[in-house]
Amino acid sequence: MKAAVLYERRTPLVIDDLDLASPGAGEVEVRLVASGVCHSDLHHIQRDTPTILPVVLGHEGAGIVTAVGPNVTRVAPGDHVIIAFGPKCGECYYCVRGMPYLCTPARPARPRLFKNGQVINQFLEVATYAERTVVSEKNVVKIRDDAPLAVCSLVACGVTTGIGAVINTARVEPGSNVVVIGTGGVGLNVVQGARLAGAARIIAVDVRDNKLEFARAMGATHLINAAREDVVERVRALTGGYGADYAFEVIGNPATINQAYESIRKGGTAVVVGVADENAELTIKPVWLMRQAKTLMGCAYGSARPQVDFPRIVDLYMEGRIKLDELITRRFGLDEINEAFRAMEAGEVARGVIDLA
Ligand SMILES: [Zn+2]
Ligand SMILES: [Zn+2]
């Protein structure tokens, strides 16, 4: 079975032949159809993170169930599924409170990928840059058969994180003024989440004009190129001098998180969606946090409950209420995965997708 393996940080992924375990109790095997290329994968290639190497990255996948282990009740062979990443034990402190995006399982998943007997780790327990994968049945979400699977792979991370940040995390009200800083794959979905929520002004901020045009296509009403314009000043000018009701930071950089915080009005909410460097620190004057009654909040995985949110998002797409096809600017084969990362880093694509079927 072919998969893209990260053996050493800051080196290209290696397309390798790996052995995949048969599904054990509560596990399912999925033949992957497509996997989106997400910036979080790139972080683990380029940065020193807690992820243990060697690892098969990829966490934005969809496919078809090919086999199930004992005691699997949720899906059967032939089912179309989107794979939710990260542990989803269903039993821990967070899972039982409806916060599976914070799942802290009692036990890690067993090893399921091997090369000559050596364990190869599955990134976030899913490892979707591969032809097939074996995951817990709790990580798969059955979706309707008539939805195109390759397009729906994006729901596994970028779409759910972006739309979820607006709908689940911040609960943006109709008529709100929303700023989105960073219009990559996730940021574009914050933009369309804001449109879905009925935001009045959706102000997209980026340093690349082509990415701002992607944002316009997804529903942004105003564009700010941060390389040429003062973001906070422009946002205030566009919002009657007050600042936005909500700002979403979708880069993961202390400077742009501060920009998001400065862009909101008194009593407004700034949401951190971007993945910052492990050691990055944020400086905010607490006295102003108090006097201006602002809220600064974090958002993991769009505060999503995948079993609820994935089918909903697929329905929204099938009814023409959100755009997914427009997010995919380029498709790649598995053997072109390093080129896919290069294209993402260069800002050439809204989303790249790896075709695996
Ligand atoms: Zn992702
Ligand atoms: Zn859990």
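Residues numbered from 1 in each chain as written. Chains lettered and ligands numbered in written order. Predicted model: local features only at pLDDT ≥ 70, side-chain atom pairs only at ≥ 80, totals over all residues.

Describing the overall build of the protein chain
Link 1 in the chain: Helix and strand counts for the protein chain come out as 10 helices and 19 strands.
Link 2 in the chain: Relative to a compact globule of 357 residues, whose C-alpha radius of gyration would be 21 Å, the protein chain shows 20 Å and is just as compact.
Link 3 in the chain: Considering only C-alpha atoms, the protein chain reaches an extent of 60 × 40 × 40 Å along its principal axes.
Link 4 in the chain: Across the 357 residues of the protein chain, 50% fall into the buried class.
Link 5 in the chain: Expressed as a percentage of contacts within the protein chain between residues at least 6 apart in sequence, the contacts between residues at least 24 apart total 71%. (Helix = DSSP H or I, 4+ residues; strand = E, 2+ residues; numbered from the N terminus. Rg over C-alpha atoms; globule rule 2.2 N^0.38 Å. Buried ≥ 20, exposed ≤ 12 C-beta atoms within 10 Å, placed from the backbone. Contact = placed C-beta atoms within 7 Å.)

Points about unusual backbone geometry
Link 1 in the chain: Cis rather than trans, the peptide bond between L53 and P54 has omega equal to -5°.
Link 2 in the chain: Locating P54 in the fold gives a position in the loop between α1 (39–46) and β5 (55–56).
Link 3 in the chain: Here S303, not a glycine, exhibits a phi torsion of approximately 45°, which is positive.
Link 4 in the chain: Tracing the backbone shows S303 in the loop between β17 (295–298) and α9 (306–318).

Things to note about the pairing of strand β14 (residues 222–225)
Link 1 in the chain: The sheet contact formed by strand β13 (residues 201–206) and β14 spans four bridges and is parallel. Following the sheet pairing, A204 is matched in β14 by L223.
Link 2 in the chain: What joins β13 to β14 is helix α5 (residues 209–218), and the crossover it makes is right-handed. (Pairing = 2+ DSSP bridges. Right-handed = clockwise from strand over helix to strand, strands pointing away.)

Things to note about the pairing of strand β12 (residues 177–181)
Link 1 in the chain: Along β12, five of the five residues are buried, which leaves the element largely enclosed by surrounding structure.
Link 2 in the chain: Burial along β12 is two-sided: N177, V179 and I181 and V178 and V180, pointing in opposite directions, are all buried.
Link 3 in the chain: As judged from the five bridges shared by β12 and β13, these two strands associate in the parallel manner. Pairing of N177 across the sheet is with R201, part of β13.

Focus: the domain arrangement of the protein chain
Often, the extent of an interface is quoted as the loss of accessible area upon association of its parts.
Link 1 in the chain: Under the domain assignment, the protein chain is made up of domain 1 (2–156 + 324–355) and domain 2 (161–301).
Link 2 in the chain: Centre-to-centre separation of domain 1 and domain 2, based on C-alpha positions: 28 Å.
Link 3 in the chain: Listed per partner, the contact involves 13 residues of domain 1 and 13 residues of domain 2.
Link 4 in the chain: Here the side of domain 1 that touches domain 2 gets three residues from one element, more than from any other, and that element is α1.
Link 5 in the chain: Partitioned by chemical class, the residues of the side of domain 1 that touches domain 2 number five nonpolar, five polar and three charged. (Domains from an automatic or database assignment. Nonpolar A, V, L, I, M, F, W, Y, C, P; charged D, E, K, R; others polar.)

What to know about the packing of helix α6 (residues 231–238) against helix α7 (residues 254–263)
Link 1 in the chain: Relative to each other, α6 and α7 sit at 25°, their axes nearing to 9 Å. When the interaxial angle is binned, α6 and α7 end up roughly parallel. As α6 runs across α7, the sense of the crossing is right-handed. Taking contact as the criterion, the partners of V231, V232 and V235 in α6 are, on α7, Q259, E262 and S263.
Link 2 in the chain: Within the contact of α6 with α7, the residues separate by chemical class into three nonpolar, two polar and one charged. (Axes fitted to C-alpha atoms, helices over the stretch in contact; angles between N-to-C directions. Parallel < 35°, antiparallel > 145°, perpendicular 65-115°, else oblique. Left-handed = near helix turned anticlockwise from the far one by under 90°.)

Side note on the environment of E345
Link 1 in the chain: One can find E345 in helix α10 (residues 337–345).
Link 2 in the chain: When the C-alpha positions of E345 and H39 are compared, they lie 8.2 Å apart, and in sequence the two are 306 residues distant.

Side note on α7
Link 1 in the chain: What α7 keeps buried is the set T256, I257, Q259, A260, Y261 and S263.
Link 2 in the chain: Residues of α7 that are buried make contact with β12, α6, β15 (244–249), β16 (264–272) and β17.

What about the nonpolar core?
Link 1 in the chain: Within the largest apolar cluster, 106 residues are counted, with the highest numbers of intra-cluster contacts made by V56, I83, V179, V180 and F248.
Link 2 in the chain: No fewer than three residues from each of domain 1 (2–156 + 324–355) and domain 2 (161–301) sit in this core. (Core = buried A, V, L, I, M, F, W, Y, C linked by C-beta atoms within 7 Å.)

Brief notes about the environment of I15
Link 1 in the chain: Assignment of secondary structure puts I15 in strand β2 (residues 14–17).
Link 2 in the chain: For the pair I15 and A3, spaced 12 residues apart in the sequence, the C-alpha separation amounts to 5.5 Å.

A closer look at the sheet that holds β5
Link 1 in the chain: Ordered in space as β2-β1-β5-β9-β8-β3, the six strands form an open sheet in which the pairing is mixed. At either margin of the open sheet sits one strand with a lone partner, and together these are β2 and β3 (19–20).
Link 2 in the chain: Here strand β1 (residues 2–6) runs beside β2; their pairing, made up of four bridges, is antiparallel. Looking across to β2, one finds that A4 is bridged to I15.

Notes on α1
Link 1 in the chain: Taken residue by residue, α1 has H39, S40, D41 and H44 as its buried positions.
Link 2 in the chain: Those residues of α1 hidden inside the fold are in contact with β1, β4 (27–37), α4 (185–196) and α10.

As for the packing of helix α3 (residues 158–170) against α9
Any two packed helices are characterised by the angle at which their axes cross and by the distance between the axes.
Link 1 in the chain: Taken N-terminus to C-terminus, the directions of α3 and α9 make an angle of 95°; their axes are 11 Å apart at the nearest point. As summarised for this structure, α3 and α9 are arranged roughly perpendicular, according to the angle between their axes. Contacts between α3 and α9 involve V159, T160, I163 and G164 from the first element and D309, F310 and I313 from the second.
Link 2 in the chain: Considered class by class, the residues forming the contact of α3 with α9 number four nonpolar, two polar and one charged.

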